[in-house]
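Chain by chain, the residues run as shown.
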Amino acid sequence: MTMIANATQKRAQLNREAILSATPARLLTMLYDRLLLDLCRAEAAQLAEQWPVASEQLLHAQAIIAELTSSLNVKAWNGGEGLRGLYAYVSTALVNANVNRDVERTRESIALLEPLRQAWHEASAAQPAQAAPRTTGTLGFA
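Residues numbered from 1 in each chain as written. Predicted model: local features only at pLDDT ≥ 70, side-chain atom pairs only at ≥ 80, totals over all residues. Heavy atoms only, no water.

**Some words on the overall build of the protein chain**
Looking only at helices and strands, the protein chain has 5 helices and 0 strands in total. The helix and strand sequence of the protein chain, counted from the amino end, reads α-α-α-α-α. In the protein chain, which comprises 142 residues, the proportion classed as buried is 31%. Taking all contacts inside the protein chain whose residues are at least 6 apart in sequence as the whole, residues at least 24 apart take part in 68%. Of the roughly 8,800 Å² that the protein chain leaves accessible, carbon and sulfur atoms contribute 57%. (Helix = DSSP H or I, 4+ residues; strand = E, 2+ residues; numbered from the N terminus. Buried < 20%, exposed > 50% of the residue type's maximum accessible area, 1.4 Å probe, protein only. Contact = heavy atoms within 4.5 Å. Areas by Shrake-Rupley, 256 points an atom, 1.4 Å probe, with all protein chains shown as cover.)

In structure tokens form, the structure reads like this:
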């Protein structure tokens, strides 16, 4: 195995370990961080008219939105239904951004999601440290 392959394999292992040992709040912030990274990469690719790259990034962002939606417990708090509605809106916007090559829909999604990313980071930082979850499957955020 080459040095590059070894480094890639080690990085993947460290990423898996970080995910498996993360608290639910940390997993949520990791998803939001990756979501916004995907959207920023998609925007840059759209501006450069690199449509296959933009499409790949937008599809990954859509997958993250789907995971956030499926793991959302709308009964846990009053804002749950509104957040689910926002996720549905962004999901549709990302499909349109991809199909219509519409950078404005990508930018709109970034503008809607960035404040949420910041808020989740602040909420996560305010929580006392807790043990990592011992379950597998979808994220059951309460």
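What follows picks up the thread again.
**A short note on the confidence of the model for the protein chain**
Overall, the prediction assigns the protein chain a mean pLDDT of 87, with 80% of residues at 70 or greater. Every residue in residues 133–142 is under pLDDT 50, and counting partners more than four places away or in other chains gives 18 contacts. (pLDDT = per-residue confidence, 0-100.)

**Quick word on the packing of helix α2 (residues 24–47) against helix α3 (residues 51–71)**
Put simply, α2 and α3 touch, their axes get as near as 8 Å, and they point 155° apart. The orientation of α2 with respect to α3, classified from their angle, is roughly antiparallel. Here α2 runs over α3; the crossing is left-handed. Two secondary-structure elements touch here, α2 through L28, L31, Y32, R34, L35, D38, L39, R41, A42, A45 and Q46 and α3 through W51, V53, A54, Q57, L58, H60, A61, I64, I65, E67 and L68. When grouped by side-chain class, the residues that make up the contact of α2 with α3 number 15 nonpolar, 3 polar and 4 charged. (Axes fitted to C-alpha atoms, helices over the stretch in contact; angles between N-to-C directions. Parallel < 35°, antiparallel > 145°, perpendicular 65-115°, else oblique. Left-handed = near helix turned anticlockwise from the far one by under 90°. Nonpolar A, V, L, I, M, F, W, Y, C, P; charged D, E, K, R; others polar.)

**Section: the nonpolar core**
Counting residues in hydrophobic clusters, the biggest one holds 21 residues, and the most contacted among them are Y32, L35, L39, I65, L68 and L113. Those elements giving two or more residues to this core turn out to be α2, α3, α4 (80–99) and α5 (103–126). With sequence-adjacent residues up to four places away left out, Y32 is seen in contact with L68, L83, Y87, L113, L116, R117 and W120. (Core = buried A, V, L, I, M, F, W, Y, C linked by side-chain atoms within 4.5 Å.)

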